[in-house]
Amino acid sequence: MPELPEVETYRRYLEETCLNQPIQDVFVEDTKLLTTDYDLLVASLRGKQFVATERVGKNLFVQTDGGFYVHFHFGMTGDLAYYQFEEERPRFSRIVFYFQSGYKLAFICPRKFERIGIVENIPEYLKRKRIAEDALAISISTLDATLAKKKVFIKPVLLDQSVIAGIGNWIVDEVLFQARIHPERLASSLDESEVTHLHEAIQFVLKTAIDCEANYALFPENFIIHAREWAVSPYAEVNQHLLCPVCQQKLQIMRVGGRTTYFCAIDQPLKRT
DNA sequence: GCGCTTGTTAAAGT
DNA sequence: AACTTTAACAAGCG
């Protein structure tokens, strides 16, 4: 779930709730979730405040008045919750920031794939982790130049955070569906028009998802995401019968690049190249 | 209780 | 050597 639109939604949520109030303490259930030593993390944060937020791809950086950032990565299931009373504390709140105001920010980590740590310098961090330009910022020409070098299926290329940052397994299926491109097309085989359509689809899907605050049930009816069985969908028939929302034929489900992939063989034909 | 899962990465393969 | 592929990670959920 925490792909670019979810992280952007979390960023806005944190910015609306948590800025400019001193941090009193930090609870950490399991130090495996930290990329910074626990004692250092707590010592650095006590008495400091969150003052601003930035997002690159699926990475959230929360600036402090101590001249450093707290980096959040949400893994596959991370979430945030701001609350006041202990009885409101969500399950799996494995990291909790306690503010002096009495309010708390929980980092909900059901599967412990999530990470938090101190980052001093964002550009240095992005370079070291090989995180490319954000999917909402990348230009067609940069995307085109990168795709031209890749002799692999387009789907795993778009999932590669060192190519374009922020796209995950559900968004890539949606983007390829909207752009009418088969997930197993070789990236280097896309022509200029296809790359243009792809770039447009990326912007469209991401902006639509952000506008819906990543609430999948609010996505347009012609989105293929409604066919995924986990997505609570108002379009029950499409959901049950796994039909293409455009042509109403049965969708294909296969593994591409090791990930479960939904697509429509009719609307996303695999051209001969 | 088995098999599946959103992300990332180290290790293996070509 | 550089690029690509795969398996493993943790644990909840249906």
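In the block above lies the structure referred to throughout.
Here we summarise the structure given alongside this text. All values reported here derive from a predicted model rather than from experimental measurement. Residue positions are counted from 1 within each chain, in the order its sequence is given. Chain letters and ligand numbers both follow the written order, the letters beginning at A and the numbers at 1. Residue-level local features of this predicted model are given only where pLDDT is at least 70; pairs of side-chain atoms are given and counted only at 80 or more, and the full residue set underlies all totals for whole chains, interfaces and linings. Computation of side-chain values covers all heavy atoms of the structure but excludes hydrogens and water.

## Considerations on the pattern of salt bridges
Then step 1. A carboxyl oxygen of Asp or Glu within 4 Å of a side-chain nitrogen of Lys or Arg is what we treat as a salt bridge. In this structure the tally under the stated criterion is 12 salt bridges.
Then step 2. Note that Glu8 and Arg11 form a salt bridge whose closest N and O atoms lie 2.9 Å from each other. Of the two residues, Glu8 and Arg11 both sit in helix α1 (residues 4-17), three residues apart, roughly one turn of that helix. Like Arg11, Glu8 is buried.
Then step 3. The partner of Glu8 in a salt bridge is Arg12, and the shortest N-O contact between them spans 2.8 Å. Taken together, the positions of Glu8 and Arg12, both in helix α1 and four residues apart, correspond to about one turn of that helix. A run of H or I in DSSP counts as a helix once it spans at least four residues, and a run of E counts as a strand once it spans at least two, with each numbered from the N terminus. We call a residue buried when its accessible area falls under 20% of the maximum for its residue type, exposed when it is over 50%, and partly exposed in between, using a 1.4 Å probe and counting protein chains only.

## A short note on the nonpolar core
Then step 1. Joining through side-chain atoms within 4.5 Å is the link that ties buried Ala, Val, Leu, Ile, Met, Phe, Trp, Tyr and Cys residues into a set, and such a set is a nonpolar core. Leu147, Ile154, Leu158, Ile164, Leu198 and Ile202 are the most contacted members of the largest nonpolar core, which totals 33 residues.
Then step 2. Looking at this core, the elements that each hand over two or more residues are α4 (140-148), α5 (154-159), α6 (169-178) and α7 (192-211).
Then step 3. By residue number, the principal contributor to this core is α7, which donates eight residues.
Then step 4. With near-sequence residues (within four places) excluded, Leu158 lies in contact with Ile164, Ile167, Val172, Leu176, Leu198 and Ile202. In this description, contact between two residues means that some pair of their heavy atoms is separated by no more than 4.5 Å.

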